[in-house]
Amino acid sequence: MANWTVDNSHSSIGFSVKHMMVSKVKGVFEDYSATVTADDLTDLTTASITFDIQTASINTKSEDRDNHLRSADFFNVEEYPAISFQSTNIVKEDDDEYKVTGDLTIKDVTKPVTFEVEYNGKGTNPWGVEVYGFEAETKLNREEFGLTWNAALETGGVLVGKDIKITIDLEVNPAQAE
């Protein structure tokens, strides 16, 4: 088995959540590390996948909102500086599609989460290095992970939706393998 790291300059970890029941706020975590341990990146069924996301690196393009998300109302980055994920089971659904289940820890809550993962293929970059691409997506209820802050709206409903859509785009570069 080889350990591969993710090329962060060609990857992203993003999320979206309903705002005021009518629109979506999107954001990213800019500081993260990920490792994929596998013999063959074209078949993830025997792989091990880990992520470590620095909560203070959240970016929604609004400094005030980002500071609120870093506060004790949400991520409490002083006490819980990281979100982690460790795969526990990977099932091949189709030629290029997988269900990757693992333990996701946010704050002090760990729950199983399943990502729908698509293998996008491999290519050779201009420097002759082979790269592999993947997309992953899941939806979770933020309140199940202790992210319960909200505000009622005068018109009904709430300020922040409880369902969070997480999207991950990864490019793994074997030249960066450990």
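For the structure, see preceding data.
Just so we're clear, the structure is a prediction, and the values are computed from it rather than from any experiment.

### Some remarks on the packing of aromatic side chains
Evaluated as defined, the whole model comprises 6 aromatic pairs. Put simply, the rings of Phe-15, Phe-29 and Phe-75 pair up and form one aromatic cluster.

### Description of the pattern of salt bridges
By the definition in use, this model includes 3 salt bridges. Linking Glu-116 and Lys-99 is a salt bridge whose minimum nitrogen-to-oxygen distance equals 2.5 Å. A residue pair is termed long-range when its members are at least 10 positions apart, and Glu-116 in strand 9 (residues 109–124) and Lys-99 in strand 8 (residues 97–106) qualify at 17 residues. Assessed through its relative accessible area of 29%, Lys-99 is described here as partly exposed. As a salt-bridge pair, Lys-165 and Glu-137 come within 3.7 Å of each other at their nearest N and O atoms. Remark: Glu-137 occurs in strand 10 (residues 130–141) and Lys-165 occurs in strand 11 (residues 160–172); sequence separation between them is 28 residues. With a relative accessible area of 33%, Lys-165 lands in the partly exposed category.

### Considering the pairing of strand 3 (residues 23–29)
Of the pairings in the sheet, the one linking strand 2 (residues 12–19) to strand 3 comprises 7 bridges and is antiparallel in character. Its bridge partner lying in strand 3, Gly-14 is registered against Val-28. With 2 bridges joining them, strand 3 and strand 6 (residues 58–59) adopt antiparallel strand pairing. Note that in strand 6 the partner of Val-28 across the bridge is Asn-59.

### With respect to the side chain of Asn-76
Mapped onto the fold, Asn-76 is located in the loop between helix 1 (63–70) and strand 7 (82–92). According to the relative accessible area criterion, Asn-76 is buried, its value standing at 17%. Residues within four places of Asn-76 in sequence aside, it is in contact with Leu-69, Arg-70 and Ser-71.

### Quick notes on the environment of Leu-44
Along the polypeptide, Leu-44 turns up in the loop between strand 4 (32–38) and strand 5 (48–54). Measuring from C-alpha to C-alpha, the distance between Leu-44 and Asp-7 comes to 18 Å, with 37 residues separating the pair along the chain. Look past the residues within four positions of Leu-44 in its chain and what remains in contact with it is Ile-90, Tyr-98, Val-117 and Phe-134.

Criteria and thresholds
Residues numbered from 1 in each chain as written. Predicted model: local features only at pLDDT ≥ 70, side-chain atom pairs only at ≥ 80, totals over all residues. Heavy atoms only, no water. Phe/Tyr/Trp six-rings, centres within 6.5 Å; stacked < 30°, edge-to-face > 60°. Salt bridge = Lys/Arg side-chain N within 4 Å of Asp/Glu carboxyl O. Helix = DSSP H or I, 4+ residues; strand = E, 2+ residues; numbered from the N terminus. Buried < 20%, exposed > 50% of the residue type's maximum accessible area, 1.4 Å probe, protein only. Pairing = 2+ DSSP bridges. Contact = heavy atoms within 4.5 Å.

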